[in-house]
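Geometric and topological summary
For reference, the chains in residue letters:
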Amino acid sequence: MKPLTLSFAIVLFCNQLIAQPPVQQDTSWKKQYRETAAKINDLVHTKLDVKPDFSKSYLYGKAWITLKPHFYPTDSLNLDAKGMEFKTVALLKGTKQLPLKYEYDELNIRIKLDKTYKSNEHYTIYIEYTAKPDEYQEKYGTDDFLGIKGMYFINPTGEEKNKPTQIWTQGETESNSAWFPTIDKTSQKTTQELTVTVDNKYVTLSNGKLTSQKKNTDGTRTDYWKMDLPHSPYLFFLGVGNYTVVKDNWRGKEVSYYVEPEFGSVAKKIFGNTPEMMEYFSKITGVPFPWVKYSQITGRDYVAGAMENTTATIHQEGAQQDARELVDGNIWEGTIAHELFHQWFGDYVTAESWSNLTLNESFADYSQTLWEEYKYGKDAGDAENYQGMQGYLQSGSESKDLVRFFYGNKEDMFDQVSYQKGGRILHMLRNFVGDSAFFRSLNLYLTTNKFKSAEAHHLRLAFEEVTGRDLNWFFNQWYFNSGHPSVTIDYVYDDAAGKVNVIIKQTQKGKLFTLPMAVDIYNGAGKFRYTVWSKNAVDTFTFNYTKRPDLVNVDGDKVMLWNKKDNKTLDNFIHQYKYAGQYLDRLEAIQYASQKQDDPKALDLLKTALKDKYHGLRNAAIFSLDLENEKVKQAAEPILADLAKNDKKSTVRANAISQLGQYKKPEYVPLFKKATTDSSYSVAGNALIALLEIDKDAATAIAKQLDKQPAKGVLKSSLQGAKAASGDESLEEEIIGGFNKLPVSQAKFNSLGTLGIYLGALKNTEKVKAAVDEIVKFREAIPQQFRKQTDPYVNETLQNIATKKEEALKADAANTALKELVDYIKSKIPAGEKKGF
Ligand SMILES: [Zn+2]
């Protein structure tokens, strides 16, 4: 699964965190060991016959559940069944039903069987029930971010205009038992049949193969889905709605994309890499995609980013991008890979308990790095890996073990440790054992544990069997423990003795880490590689030389999960950029040079990086330029102009245009005008904003034209910005009023840009002053833990307003109200804070 917050590129803080009242911290969970659920009975087969009732948001169901005692004989059965009403609870004896006694508390149904069963005896329970997911949720509320109702009726009676009627289900973590009785544990596996009766106008999707469809005389249709291979109850899925189904295939198996009809024509542009991903993942795992088909569906108001239901993945509606959004790249491709890889890691072999969630999520997270590397090259894979590493390092999760037997809520396991940290740990493990051993071990783990559940030790055992090496130290350190190293690296050269001491200090609090890594010693383009193990608080590694090396590059493969202070010189970094060559080698050099832009050598490095072969680093270089530095501004201009016009990557053109806009030169007007017609929303949007600064009338006229067509993304906000730049008083209610009405939230933060532009142009000084007060109030109301990130942007907005007013003052020097306003705004910006991000 992908949690919702991970789907957005810019989430600085979320509504929920702010809206919640302060609560007494409950830490009792720290003492609660989360044991793996006991297996008393095992699910064998689940047959469901269901009919949704859209008028009541009910599901009428019949369930035939075949089970057997796990090992010890038993005369009773406990099923999870949330918020249901039962009509029949019986044992099937041939064709006859034998009613059984039961107790029910709206969570579990405890059934007394007709006799004691042994582990070799199968029995089938028949239950006729009504599931009432909405009423259950209403009654019991939820601490789960996903909700607990399992089945979601979206716009069921069609009251909401412009919203389709749909049903989708969300089982993870333990919510599918709100629409069918089952043993709702990841360690259970069952084959499945499902018949569903719906209005003939809808399509349905469930796990396995659509085996038959029967039209009924009352205008309904009954679809029969069959899943011959066992999987866990939380992976069951049912989707109903008006979808266009676009068919694809992989090695003769059905691959299909269920999208809302208007996205039928772009479905293959969004999901079309799926067969190639299936081929790639089949190849690297050595396990051909194990299921009968693979479908992907979108769901309105879906509660997470996406979910890997076996053969039937659901994606949030954000997956549905239009053709122009896709020009900048498919933002959903990583999620598509993530959910697909779960079909192996999660669905084929399942984490035995939420404590072992790493076996599902770390692999799914890492699949995004693997896919990027395979499809778009090593730089793209490394960029994905680095982004994941930053996500973890900035999350403040040092105290959490990857495999955790103590946690507050099972939903808490879906965090940056199970996902991003675990993904990076797999990357280090791959680097340590080598590609061939890594993928062989994955194959052994998958084939040994297929259709079963596993814990992290199963993974260790597979790696140990393949490599013949003890890996307890690695798993104890990374899987069953917390934190990460923080290191300082120093270099002491002694030319007389012909040796360099490389000193690695581990400065984190608490335990030390064992870190095997490559150290590369460079002379010119040539390098020697050594492997060292850092284990102590301070380790000194000595390397001899005849000529002082141009560069000593610690962690030569750039795989370490750590915080690092690497005391290299600018010359070292220049060499690193040119010869070490990995994505992170080059990014580190750009980052270092960006701090030294007065140094001509650093500036040269940045100029070179503006033309880096990887677009992500071209963008990093573009953003690193300090255009307030006149020398940098002059040196970068011709390159930025070239990138703005000619770069193959639309995001690079868009960012170059944005920077070039800061030169405010009329000679770029034709370039910006032309770029407003670019097929990329980000190029067109940034060009419009750049134009606004130079030729407001032209920009406003173009914005009026562009506003006639649908716009999304950057173009949409730029159009709002262009409108705001008119400073038209009639927009006051919409823009200032709109901002004031919003609670402290991400949405309010996002609307600051437009508000800033509007206030810069608005002539009424009293109204500007009042709005500035509101901005300051907002800045102060943001919870403290986010303010390091948010304050610079809020202050930059204030500074931009002040700058606009100062420009106006130049033409109207006698305007004392305006002069006072400038001073007032400036007084609201703390000293030393003028540049944002
Ligand atoms: Zn996932």
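This structure is a prediction, so every number in the text was calculated from the model and none was measured.

**Let's talk about the side chain of threonine 488**
Structurally, threonine 488 is set in strand 23 (residues 486–494). Residue classification places threonine 488 among the buried positions, given a relative accessible area of 17%. Sequence-distant contacts of threonine 488, that is, excluding residues within four places in its chain, are made with Ile503, Ile504, Lys505, Thr507, Lys565 and Asn567.

**A closer look at the packing of helix 7 (residues 358–376) against helix 8 (residues 378–393)**
Contact pair helix 7 / helix 8: the axes reach a minimum separation of 6 Å and the direction vectors enclose 160 degrees. On the basis of the axis angle, helix 7 is roughly antiparallel to helix 8. Note on packing geometry: the crossing formed by helix 7 with helix 8 is right-handed. Side by side, helix 7 and helix 8 meet where Tyr366, Gln368, Thr369, Glu372, Glu373 and Tyr376 of the first sit next to Lys378, Ala380, Gly381, Glu384 and Asn385 of the second. Its residues placed into classes, the contact of helix 7 with helix 8 shows three nonpolar, four polar and four charged.

**Quick look at the coordination of the zinc ion**
For the zinc ion, the protein coordination sphere consists of Met1 (N), Met1 (O), His338 (NE2), His342 (NE2) and Glu361 (OE), at 2.0 to 2.2 Å. Donor residues for the zinc ion, ordered by position in the chain, follow M-x336-H-x3-H-x18-E. Taken together, the residues methionine 1 in the segment before helix 1 (15–19) and glutamate 361 in helix 7 connect sequence positions 360 residues apart. For the pair shown, methionine 1 and glutamate 361 are each scored as buried.

**Brief notes about the confidence of the model for the protein chain**
Residues at a pLDDT of 70 or more form 96% of the protein chain, whose mean pLDDT is 94. Confidence drops under a pLDDT of 50 for residues 5–23, and excluding neighbours within four residues, the segment shows 27 contacts in the predicted structure. For the stretch residues 833–837, pLDDT sits under 50, and the model shows eleven contacts to residues farther than four places along the chain or on other chains.

**With respect to the sheet that holds strand 5 (residues 96–99)**
An order of 5-4-8-2-1-11-14-13 is seen for the eight strands of this open sheet, with the pairing classed as mixed. Only two strands of the sheet have a single neighbouring strand rather than two, namely strand 5 and strand 13 (209–215). Strand-to-strand twist across the sheet, computed as the mean angle between neighbouring axes with direction ignored, equals 20 degrees. Where strand 4 (residues 84–93) and strand 8 (residues 123–131) come together, seven bridges link them in antiparallel fashion.

**What about the nonpolar core?**
Phe281 and Tyr479 are the most contacted members of the largest nonpolar core, which totals 85 residues. Filtering out sequence-adjacent residues up to four positions away, phenylalanine 281 remains in contact with Ala337, Leu340, Phe341, Trp344, Ser367 and Trp371.

**Regarding the packing of helix 4 (residues 274–285) against helix 6 (residues 333–342)**
Orientation of helix 4 relative to helix 6, taken along the N-to-C sense of each, is 45 degrees, at an axis distance of 10 Å. With respect to helix 6, the element helix 4 is oriented oblique. Taken as a pair, helix 4 and helix 6 cross one another with a handedness that is right-handed. Every residue of helix 6 that contacts helix 4 at Thr274, Met277, Met278, Phe281, Ile284 and Thr285 is listed here: Glu333, Ile336, Ala337, Leu340 and Phe341. Looking at side-chain class alone, the contact of helix 4 with helix 6 contains eight nonpolar, two polar and one charged residues.

**Brief notes about helix 22 (residues 713–724)**
With twelve residues, helix 22 should cover 16 Å at 1.5 Å per step; its first-to-last C-alpha distance of 17 Å lies within 8% of that length. Tucked inside the fold, the buried residues of helix 22 contact helix 5 (323–327), helix 20 (681–694), helix 21 (696–706), helix 23 (732–741) and helix 25 (752–761).

**Here's the deal with the packing of aromatic side chains**
On inspection of all chains with the given rule, the structure shows 54 aromatic pairs. A centroid spacing of 5.5 Å and a plane angle of 35 degrees characterise the contact between phenylalanine 54 and tyrosine 202, whose relative ring orientation is tilted. Remark: tyrosine 202 occurs in the loop between strand 11 (190–199) and strand 12 (203–206) and phenylalanine 54 occurs in the loop between strand 1 (41–53) and strand 2 (58–69); sequence separation between them is 148 residues. Of the two residues, phenylalanine 54 and tyrosine 202, both sit in the buried class. Pairing tyrosine 243 with tyrosine 258 gives two aromatic rings, centres 6.3 Å apart and planes at 70 degrees, and the pair type is edge-to-face. Within this pair, whereas tyrosine 243 is found in the loop between strand 15 (238–241) and strand 16 (244–250), its partner tyrosine 258 is found in strand 17 (residues 253–259), the two being separated by 15 residues in sequence. Accessibility expressed as a relative area gives 7% for tyrosine 243, which makes it buried. Members of the aromatic cluster, joined through ring pairs, are Trp250, Tyr280, Phe281, Phe289, Tyr294, Phe341, Trp344, Phe345, Phe363, Trp371, Tyr374 and Tyr445. Sitting over the ring of tyrosine 117, lysine 115 keeps its end group 4.7 Å from the ring centre.

Basis of the calculations
Along each chain, residue indices are assigned from 1 in the same order as the chain's sequence is written. Local features in a predicted model are, by the rule used here, given only for residues with pLDDT of at least 70; side-chain atom pairs are given and counted only at 80 or more, and totals for whole chains, interfaces and linings are based on all residues. Hydrogens are left out, water is left out, and the side-chain values use all remaining heavy atoms of the structure. The helix and strand labels rest on DSSP assignments: H or I over at least four residues marks a helix, E over at least two residues marks a strand, and numbering proceeds from the N terminus. Buried means the residue's accessible area, taken with a 1.4 Å probe over protein chains only, is under 20% of the maximum for its type, while exposed means over 50%, and partly exposed covers the values in between. The contact definition used throughout considers only heavy atoms, calling two residues in contact when any of these lie within 4.5 Å. For every element, the axis is a line fit to its C-alpha atoms; helices are fit only across the contacting stretch, and the angle between N-to-C directions ranges from 0 to 180 degrees. Put simply, angles under 35 degrees are roughly parallel, angles over 145 are roughly antiparallel, angles from 65 to 115 are roughly perpendicular, and the rest are oblique. Crossing handedness follows the turn of the near helix against the far one: under a right angle anticlockwise gives a left-handed crossing, and clockwise gives a right-handed one. Note on residue classes: Ala, Val, Leu, Ile, Met, Phe, Trp, Tyr, Cys and Pro are nonpolar, Asp, Glu, Lys and Arg are charged, and everything else, Gly too, is polar. Atoms of type N, O and S within 2.8 Å of a metal are treated as its donors, and for Na, K and Ca the window is 3.2 Å; water is not considered, so some sites may appear to be missing partners. Values of pLDDT, which run from 0 to 100, indicate the predictor's confidence residue by residue. DSSP calls a pair of strands paired once it identifies at least 2 bridges connecting them. To form a nonpolar core, buried Ala, Val, Leu, Ile, Met, Phe, Trp, Tyr and Cys residues must be joined to one another through side-chain atoms within 4.5 Å. Multiplying 1.5 Å by the helix residue count minus one yields the expected span of that helix. A pair of Phe, Tyr and Trp rings is counted when the ring centres sit within 6.5 Å of each other, with Trp represented by its six-membered ring. The angle between the planes then sorts it: under 30 degrees is stacked, over 60 is edge-to-face, the rest tilted. Only when the NZ atom of a Lys or the CZ atom of an Arg is both within 6 Å of the ring centre and within 35 degrees of the ring normal do we say a charge sits over the ring.

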